[in-house]
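Fold and geometry: a report
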Amino acid sequence: MISQKKLQKYQDWLFRVSAYNMALSIIMTDKMTVAPVGGGEYRDARTAYLSGELFSIITDPEIVELLKEMKDDEDLDGDTRRAAYLYYKDAMSTLCIPKDEYVKAQELFSKSYDAWLEAKTKNDYSIFEPYLKQVIEIRRQQYSYRNSDMDLYDQMLDDYEPGMNREKYDAFFEALKTRLVPLIEKVCNAEPVEDSFLYLDYDIEEQKRFSSELLEYLHFDADWGYQNETEHPFTNWVCENDCRTTTKYLKNNVASAILSTVHEVGHATYEHDCDDRYDGMILSEGISSGMHESQSRLFENYLGRTKAFWEYLYPRLAAHFPEQLGNVSVDQFVNAINVAKRSLIRTEADELTYPMHILIRYEIEKGLFDGSISTEGLDETWDAMYEKYLGIKADKASEGILQDVHWSDGSFGYFPTYALGSAFSAQFVKKMREEMDVDEALRSGHFEKCVAWLKEHIHRYGCRYDAPEIMRIATGSDFDVNNYLDYLEEKYTNLYHLK
Ligand code: ZN
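From a predicted model like this one, the values you see are computed outputs, not experimental measurements.

Taken together, the protein ligands of the zinc ion are His-263 (NE2), His-267 (NE2) and Glu-293 (OE), with distances of 2.1 to 2.4 Å. Each donor residue of the zinc ion lies on one chain, and together they are spaced H-x3-H-x25-E. Here Glu-293 lies in helix α11 (residues 289-303) and His-263 lies in helix α10 (residues 254-272), a separation of 30 residues in the sequence. The pair His-263 / Glu-293 is uniform in exposure class, with both members buried.

Below is the structure:
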């Protein structure tokens, strides 16, 4: 039995951890959105100091000992034991890294991000390459302290999606390749769907005016959420009632900001809808990257690209852009936003070719860590893979290897969860559609009914359970990739009138 005094100590510790996490989260959002570049060096040094302090708090030996005791104490409630287990696991994975190395790594990640941004702006991979190389080295070093028997990249995959490894991802991507490669081939050879009207001149201020109507429809309310603009859209949160998302407006692509907004609001809603008794502790966070991505992709693709969703919103969008959309019907618009074609930019890719973009990153990451691929000439390796899997090649590095931010801070093992998440959502939506009239809710402006289903079956649990358990709780069965592949086949067979 753990004493009241010790439990109080744990509560005080939780509060301190959440205070540092809050500060670091806001500083990060600020850096990625509005902070002047000139102050970067000053801020980065102090941010690294704060990260170091948090590191000391999380790895305080007395606390780690207490967490270890708590996670197995049958007298404690299940929530507390689960939280203690997750904190303990986190502490053990960072505890092994010497503090000065940890701080040095945080500094490197900040510099590497700036180098990535500069390289992308100047279309010059050589600016980023030395940083990427160092980031890989420092990650190698950090993992080496764990003394794990597991392969390095397997450990990284497991960090983002507990239980996953190369063997399972290899099988997953193999299933995708088997059914999707021929489907993509057929779609690309079919009569193209007209979508040129999406790429006319769309005034950005007008797009923003529609965006506020969209946020209202999605129930992304100002009392708990805030949207900003950034180069690479993301979502961050402080607590359930303080979630920050970002989007990016493109003058010649009206669907881009809309769908990225719907996607990020999916992430934010997941955080917002966690049971509020988990606020300020680890249980309030989404289970895993794949689960988080399943919720954002569910919003974006499985709701945001349906006809029912647009039956409500399209007349409103068209009213903002009478010149561009006046003669376009809702069916034409919905078909256009579902067009599949070979493309270069992952974040702009359609649902069907998207997993191929992920497959490429997965194969590169695997190669970077087993030594079969080097950072030198990686821009060429990248282009060759795009030729191989998607049949196209980037003219400039900003549309090739420099398009994604993830490698700048060493987030290796993260990309594969994007494809896994899309596959999770197919199974969730299948169940949701069995239990409620999703289309009726969407077309009548009651998006909140879909959110309520997700909250009840998924969101409220936060990371109280792991992903396979939530899959069983929400859908009654284990994860099956075929739900995803069936969905894609049916959707694209209909859209392109395939036989
Ligand atoms: Zn996402």
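Another aspect to go through is the packing of helix α17 (residues 415-435) against helix α20 (residues 467-475). Two elements in contact, α17 and α20, have axes separated by 9 Å at closest approach and are oriented at 20°. Between α17 and α20, the angle falls in the class roughly parallel. Between α17 and α20 lies a crossing of left-handed hand. Across the interface between the two elements, Phe-424, Gln-427, Phe-428 and Lys-431 of α17 pack against Ala-467, Ile-470, Met-471, Ala-474 and Thr-475 of α20. Among the residues forming the contact of α17 with α20, the class breakdown is six nonpolar, two polar and one charged.

Next up on the list: the sheet that holds strand β2 (residues 235-239). The strand order across the open sheet built from three strands is β1-β3-β2, with neighbouring strands paired in mixed fashion. Every interior strand has two partners, whereas the edge strands, β1 (225-229) and β2, have only one. Pairwise comparison of adjacent strand axes, ignoring direction, gives a mean angle of 20° for this sheet. Where β1 meets strand β3 (residues 242-247), five bridges bridge the pair, whose relative direction is parallel. Its bridge partner being in β3, Asn-228 is matched across the sheet by Thr-246.

Domain boundaries assigned for the chain yield domain 1 (4-126) and domain 2 (166-495). Taking only C-alpha atoms, the centre of domain 1 and the centre of domain 2 are 27 Å apart. Of the residues lining the interface, 27 residues belong to domain 1; the matching set on domain 2 comes to 33 residues. Summed over both partners, the interface of domain 1 with domain 2 comes to about 2600 Å²; 61% of that surface belongs to carbon and sulfur atoms. Interface area lost by domain 1 to domain 2 is led by Asp-79, Trp-116 and Tyr-125, which between them contribute 27%. Here Arg-277 makes a salt bridge to Asp-79, at a shortest N to O gap of 2.9 Å. Looking at the side of domain 1 that touches domain 2, the elements that each hand over two or more residues are α1 (4-33), α4 (78-95) and α5 (99-122). Here the element with the most residues in the side of domain 1 that touches domain 2 is α1; it accounts for nine residues. Of the residues assigned to the side of domain 1 that touches domain 2, the class counts are 15 nonpolar, seven polar and five charged.

This model, assessed by the stated rule, comprises 34 aromatic pairs. One residue, Arg-361, lies across the ring of Phe-415, its end atom 5.4 Å from the ring centre. Directly above the aromatic system of Tyr-465 lies the positively charged group of Arg-464, at a separation of 5.0 Å from the ring centroid.

With that settled, the discussion passes to unusual backbone geometry. With a phi close to 60°, His-219 is a non-glycine residue in the positive phi region. Relative to the helices and strands, His-219 is located in the loop between α9 (204-217) and β1. With a relative accessible area of 33%, His-219 lands in the partly exposed category. Phi angles above zero are rare outside glycine, and His-497 is one such case at about 50°. Tracing the backbone shows His-497 in the segment after α21 (481-495). What makes His-497 exposed here is its relative accessible area of 68%.

Here is what the cut-offs are and how they apply
- Residues numbered from 1 in each chain as written.
- Predicted model: local features only at pLDDT ≥ 70, side-chain atom pairs only at ≥ 80, totals over all residues.
- Heavy atoms only, no water.
- Donors = N, O, S within 2.8 Å, 3.2 Å for Na, K, Ca; no water.
- Helix = DSSP H or I, 4+ residues; strand = E, 2+ residues; numbered from the N terminus.
- Buried < 20%, exposed > 50% of the residue type's maximum accessible area, 1.4 Å probe, protein only.
- Axes fitted to C-alpha atoms, helices over the stretch in contact; angles between N-to-C directions.
- Parallel < 35°, antiparallel > 145°, perpendicular 65-115°, else oblique.
- Left-handed = near helix turned anticlockwise from the far one by under 90°.
- Contact = heavy atoms within 4.5 Å.
- Nonpolar A, V, L, I, M, F, W, Y, C, P; charged D, E, K, R; others polar.
- Pairing = 2+ DSSP bridges.
- Domains from an automatic or database assignment.
- Buried area = accessible area lost by both parts, 1.4 Å probe.
- Salt bridge = Lys/Arg side-chain N within 4 Å of Asp/Glu carboxyl O.
- Phe/Tyr/Trp six-rings, centres within 6.5 Å; stacked < 30°, edge-to-face > 60°.
- Lys NZ or Arg CZ within 6 Å of the ring centre and 35° of its normal.

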